[in-house]
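# Structural features, examined
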Amino acid sequence: MSGRITFVGAGPGAVDLITLRGAAALDEADLVIYAGSLVNEKLLERAKRAKLVNSAKLSLNEVLEQMVDGYRSGKRVVRLHTGDPAIYGAVSEQYRELDNLGIPYEVVPGVSSVFAAAAALKVELTMPDLSQSVILTRAEGRTPVPEKEAIEELASHGATMCLYLSVGEMERLTGRLRAAGLPAETPVAVVYRASWPNQKIVRGTLADIAAGVAEAGIKRQALVVVGRVLGRDGALSKLYDDTFATGYRNAGGVAAFSGRVAIYALTAAGAHKASEIAAGLEDAVIVLPEKYAELAPASRLVRYPDGKFAEAFERGWSTYDGLVMVMASGVVVRHVAQLCREKGSDPAVVVCDAAGNYAVSLLSGHLGGANRLAAAVARITGGRPVITTATDTSGLMAFDELAARHGFRIANPELLKECAVAMLDGETFELSMPQELFQRYYAGNTQFRFLADTPGITVRARNSGLVLHLVPRRFTLGIGCRRGVAAATIEALADRILKARNIDWASIAAIATAELKQDEAGLFSFAQSHGIALRFFGADELNAVEVPNPSAAAEAHLGIRSVSEAAALLAAGDGAELVVEKTAAECVTVAVAEVING
Ligand code: SAH
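The notes below deal with the structure included here. Everything numeric here is computed off the predicted structure, so don't read it as measured data.

Scoring rules and cut-offs
- Residues numbered from 1 in each chain as written.
- Predicted model: local features only at pLDDT ≥ 70, side-chain atom pairs only at ≥ 80, totals over all residues.
- Heavy atoms only, no water.
- Buried < 20%, exposed > 50% of the residue type's maximum accessible area, 1.4 Å probe, protein only.
- Helix = DSSP H or I, 4+ residues; strand = E, 2+ residues; numbered from the N terminus.
- Pairing = 2+ DSSP bridges.
- Core = buried A, V, L, I, M, F, W, Y, C linked by side-chain atoms within 4.5 Å.
- Near = heavy atom within 4 Å.
- Polar contact = N/O pair within 3.5 Å; in protein donor to acceptor, adjacent residues only side chain to side chain.
- Areas by Shrake-Rupley, 256 points an atom, 1.4 Å probe, with all protein chains shown as cover.
- Domains from an automatic or database assignment.
- Contact = heavy atoms within 4.5 Å.
- Axes fitted to C-alpha atoms, helices over the stretch in contact; angles between N-to-C directions.
- Arc of directions from axis to C-beta.

## Some words on the pairing of strand E1 (residues 4–9)
- The buried fraction of E1 is high, at five of six residues.
- Across six bridges, the pairing between E1 and strand E4 (residues 76–81) is parallel. Bridge pairing links phenylalanine 7 to arginine 79 in E4.
- Inspection of the sheet shows E1 paired to strand E5 (residues 106–108) by three bridges, in the parallel sense. Bridging from a neighbouring strand, phenylalanine 7 pairs with valine 107 of E5.

## Regarding the pairing of strand E7 (residues 160–164)
- Along E7, five of the five residues are buried, which leaves the element largely enclosed by surrounding structure.
- On E7, burial covers both faces: Thr160, Cys162 and Tyr164 on one face and Met161 and Leu163 on the other are all buried.
- Pairing of strand E6 (residues 134–138) with E7, which is carried by five bridges, proceeds in the parallel orientation. The residue bridging valine 134 from the neighbouring strand is threonine 160, located in E7.
- As defined by bridge partners, E7 adjoins strand E10 (residues 222–226) across three bridges and the pair is classed as antiparallel. The residue of E10 that forms the bridge with methionine 161 is valine 226.

## Observations concerning the nonpolar core
- Within the largest apolar cluster, 30 residues are counted, with the highest numbers of intra-cluster contacts made by Val261, Ile263, Ile277, Leu281, Leu288, Val324 and Leu373.
- When residues of this core are traced back to their parent elements, those giving at least two are strand E11 (261–265), helix H10 (268–280), strand E12 (285–289), strand E14 (322–326), strand E15 (348–352) and helix H13 (370–381).
- Among the elements that make up this core, the one with the highest residue count is H13 (seven residues).
- By size, the runner-up hydrophobic cluster in this structure holds 26 residues, among which are Phe399, Phe408, Met423 and Tyr441.

## Some details on the site of the ligand
- The ligand sits among 18 residues. The nearest are Ile87, Ser112, Ser113, Ala194 and Ala222.
- Within the contact set of the ligand, an oxygen atom lies 2.6 Å away from a side-chain nitrogen or oxygen of serine 113.
- Here arginine 193 contributes a backbone N or O atom positioned 3.5 Å from a nitrogen atom of the ligand.
- Protein contacts shield 93% of the accessible area of the ligand, which totals 540 Å² for the unbound molecule.
- Counting residues domain by domain, the shell around the ligand receives three or more from each of domain 1 (4–110) and domain 2 (114–231).

## Focus on the environment of threonine 205
- With respect to the secondary-structure elements, threonine 205 resides in strand E9 (residues 200–205).
- Put simply, threonine 205 and aspartate 353 are 148 residues apart on the chain and 37 Å apart in space, counted from C-alpha to C-alpha.
- Excluding residues within four positions of it along the chain, threonine 205 makes contact with Ala184, Glu185, Thr186, Pro187 and Val188.

## Observations regarding the side chain of aspartate 30
- For aspartate 30, the location among the structural elements is in the loop between helix H1 (20–28) and strand E2 (31–34).
- Within the local environment of aspartate 30, its side chain forms a polar contact with the backbone nitrogen of arginine 76, the two atoms lying 2.7 Å apart.
- If near-sequence neighbours (up to four positions away) are discounted, aspartate 30 is found in contact with Arg49, Ala50, Lys51, Gly74, Lys75 and Arg76.

## A closer look at the sheet that holds strand E8 (residues 187–192)
- If you walk across this open sheet you meet the five strands as E6-E7-E10-E8-E9, and the pairing is mixed. Edge positions in the sheet fall to E6 and E9, since each has one partner strand and no second. Within this sheet the neighbouring strands show an average axis-to-axis angle of 20°, counted without direction.
- The strands touched by helix H7 (residues 170–179) are E7, E8 and E10; relative to E10, the strand with the most contacts, the crossing angle is about 20°.
- Against the sheet, helix H8 (residues 209–216) makes contact with E8 and E9, and its axis sits at roughly 155° relative to E9, the strand it touches most.

## Some points on H8
- Those residues of H8 lying buried are Ile209, Ala210 and Val213. Within H8, the buried residues cover an arc of 100° as seen down the axis, which keeps them to one side. Exposed positions of H8 whose direction lies more than 90 degrees from the buried face are Ala214 and Glu215.
- On its buried face, H8 is in contact with H7, E8 and E9.

By themselves, these figures tell us nothing about what the structure is for.
Shown next as structure tokens:
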């Protein structure tokens, strides 16, 4: 009788993150060949009858020999791989050999460590506007990586990157990612032994993560996640996370939902969700019928006799400022209809489904603060706030989002939060801004008045008197190059860098270089093709600028410590900031500075 061979993905480590099918295969196994230190030995306890073999000590041939012998002598063999076998599992050689021998086998998938890492980080790897792709890759080690998949190439997409087997050389990795044009402030997270009890998370940016990882002593068994999705600066999360939910919890400085909140539920599932919401809202009470009373913490509970919901709701209506109803909206509407009087005095009412997917601002959205309460509830449940007041649905565009999308710098960002709250509360705004942008985002909404067509943006909130200034961002490109370099070579690098930073060519005020490049034809035709002025600086001027990446070679060779960084900074004038440090490729170096006081 022949046996059976099953390749099983063990998952990332936690014993309960294996699939049911994988666990069943282990339960029945006679022989388990498992892959070293990232398979949790506690999982092996399931395989009560089995002989256990750690493949870390075996060659591929020895592993195969054991599997084949086992199969031929009628054993149920499990080959246990970490995560999912299809990712860096070195299974293809094993599959091929078994195919050659005509031996059948089955493969059971597993939770790859990338997903355990994403879960630990509580991040969505694919966020609208930030990245809609995930690149699973590794830096080359003993196993080479095809040239077209070099880190630099992949990074040029700006998509979320998850790197296996790469934490050993973080300095080198982050250096390469930056050389590819990713900004130094790109968020990075490293998750060590995701889902294990000794899991560790180190967060940082391309500039400082290597130091953080070294300090944490992480050298292996970790996943590196790189990308803007980690920054939680997507449109949605900015509007709701920063301003409103944190504002709710800590009212310091920000107008938040203020007042007492009662959370109602009518089913067991609803009562559990109500407790979850209450845990995130200081001082909120949970109002439940007697039969579910034990489902909520006693300290928060307000109980009423079974069947007396209408009375309990009526009491709550006059007692609390905000009512969160975890139930069907129909039930709520019928009861609210009996009680609602006028905007100024009705409480905020938010309806939430028992799964917490939606928090609907049902009544008193602006004045009563239900929009903000809905945002706070959604934040707690991980759901979506549903806002239907006109000002919030007619393409309401937050000013920081506008700035980010269209290349403006916010001169007084400390006012952003208050402006966002004023917007949500329905205040009237007067806007001076490019007319085309006003038309696109704010026209047709009576909350916004157009004052004048201006290159910059001034936002004035009529009642609160807040004035927010957004100025068009302007940059300079500093360029260094070898003699005789082609315009196309400069173009390729400069364009890649600007694209990666979402910088428009139209916002480049000058291209700058060293005086001794005054006869460099490629550089001239590059500047000309963009219609941008070329500026030259002498060695003394350049050497007087403090730069992050001076080059000893250039100093020896040309007597200039830095061309691209120093020239970009000089051309951008006083107060300039270097936004892209020196990036080199094929005989060209490019740096980008931002004009701050121009
Ligand atoms: N097949 C596995 C990967 C095997 S390669 C999977 O799908 O996850 C081994 C690499 O996977 C490690 O170097 C590390 O980068 C990553 N890895 C595996 N388990 C991990 C865990 N629990 N936490 C973080 N990274 C892990």
